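Letter by letter, the chains look like this.
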Amino acid sequence: MPNFKILVGFLLLLFNIHNYSTVRLGVDFKTHHIVPEIIENAPQRRVYVSYDNNRTVIKTGCSYDRQHLTQEPLILWQCREGSTYTIIMTCLDDTLANLTNREKQVHWWLVTNIQNCSVSSGESIFPYQLVNRLPMGAFQRIVILAFTQMKPIYNHDFPKVTGTDEDSRESFTIKEFVNAHTLGNALAGNYFRLGY
């Protein structure tokens, strides 16, 4: 019997795909400076993201409190059987003007070598961890991207990460990672805002 949580998420994913156009996603990514600051081109499809057994379903561009984001989310996207994927979830810190582009990107979650859209089948480079440096009243952008891999990505290419370990989680930008592993354009994506 299929996992009920995954089945519900997949049905919601199909609904959201038909109700959120590629054009609108591209416009939103540019409006919020994810393109070209973080990636060169907007993804063609949306990643479905939900927390707490679908009690909190992420809507593109909306704001959420950190209390709803503490556990690893359910993430789904349109994929092909037999393909291999990477997902990256990154917090963009806009609170300090003197940060470099690398320092602004704190990677919450990085999983590689995912088979058939099952995140649990992949290798966790950075375990899911909500890293929050927000002052009172501030917001941060959270970006979730899915990429198709052309070849395996190995754990030994990265420092071992436990807990928040911000130094490792800030050790590269998404563009650097994409170029290093020839990932090309993001297949799917989403983003939301985190409020204090």
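For the structure, check the block above.
Now for a quick tour of the structure. What you see is a predicted model; the values in this text were computed from it and never measured.

Quick notes on the overall build of the protein chain
Within the protein chain, the regular secondary structure consists of 6 helices and 10 strands. Scored against the burial criterion, the 196 residues of the protein chain give a buried share of 48%. Partitioning the intrachain contacts of the protein chain with sequence separation of at least 6 by distance along the chain shows that 75% fall at a separation of at least 24. For the protein chain, the accessible area works out to roughly 10000 Å², and carbon and sulfur atoms hold 52% of it.

So, the state of the cysteines
Summed over the entire model, instances satisfying the criterion amount to 1 disulfide. Between the sulfur atoms of Cys79 and its disulfide partner Cys117 the distance amounts to 1.9 Å. Note that Cys79 is positioned in the loop between strand 5 (74-76) and strand 6 (84-92) and Cys117 in the loop between strand 7 (105-115) and strand 8 (123-126), a separation of 38 residues in sequence.

So, the sheet that holds strand 5
Backbone hydrogen bonds are what pair the strands of a sheet, in a parallel or an antiparallel way. Reading across the sheet, the 3 strands line up as 3-2-5 and stay open at both edges, with antiparallel pairing between neighbours. If you trace the sheet from one side to the other, it starts and ends with strand 3 (56-57) and strand 5, each paired once. One ladder, built from 3 bridges, connects strand 2 (residues 48-51) with strand 5; its direction is antiparallel. If you follow Tyr48 over to strand 5, its bridge partner there is Leu76.

Re the side chain of Arg169
Mapped onto the secondary structure, Arg169 falls in helix 5 (residues 166-169). At 2.8 Å, the side chain of Arg169 and the backbone oxygen of His107 are in polar contact. A polar side-chain atom of Arg169 sits 2.8 Å from the main-chain carbonyl oxygen of Pro127.

A few points about unusual backbone geometry
Residue Pro36 follows Val35 across a cis peptide bond; omega there is 5°. Turning to its location among the elements, Pro36 is positioned in helix 3 (residues 34-37). In the Ramachandran plot, Asp52 falls in the positive-phi region, its phi being about 55° despite a non-glycine side chain. Considering the arrangement of structural elements, one finds Asp52 in the loop between strand 2 and strand 3. Given a relative accessible area of 45%, Asp52 falls into the partly exposed group. Residue Asn54 is not a glycine yet carries a positive backbone phi of 70°. Classification of Asn54 by relative accessible area gives buried; the value is 18%.

Reading guide: rules and limits
- Residues numbered from 1 in each chain as written.
- Predicted model: local features only at pLDDT ≥ 70, side-chain atom pairs only at ≥ 80, totals over all residues.
- Heavy atoms only, no water.
- Helix = DSSP H or I, 4+ residues; strand = E, 2+ residues; numbered from the N terminus.
- Buried < 20%, exposed > 50% of the residue type's maximum accessible area, 1.4 Å probe, protein only.
- Contact = heavy atoms within 4.5 Å.
- Areas by Shrake-Rupley, 256 points an atom, 1.4 Å probe, with all protein chains shown as cover.
- Disulfide = S-S within 2.5 Å.
- Pairing = 2+ DSSP bridges.
- Polar contact = N/O pair within 3.5 Å; in protein donor to acceptor, adjacent residues only side chain to side chain.

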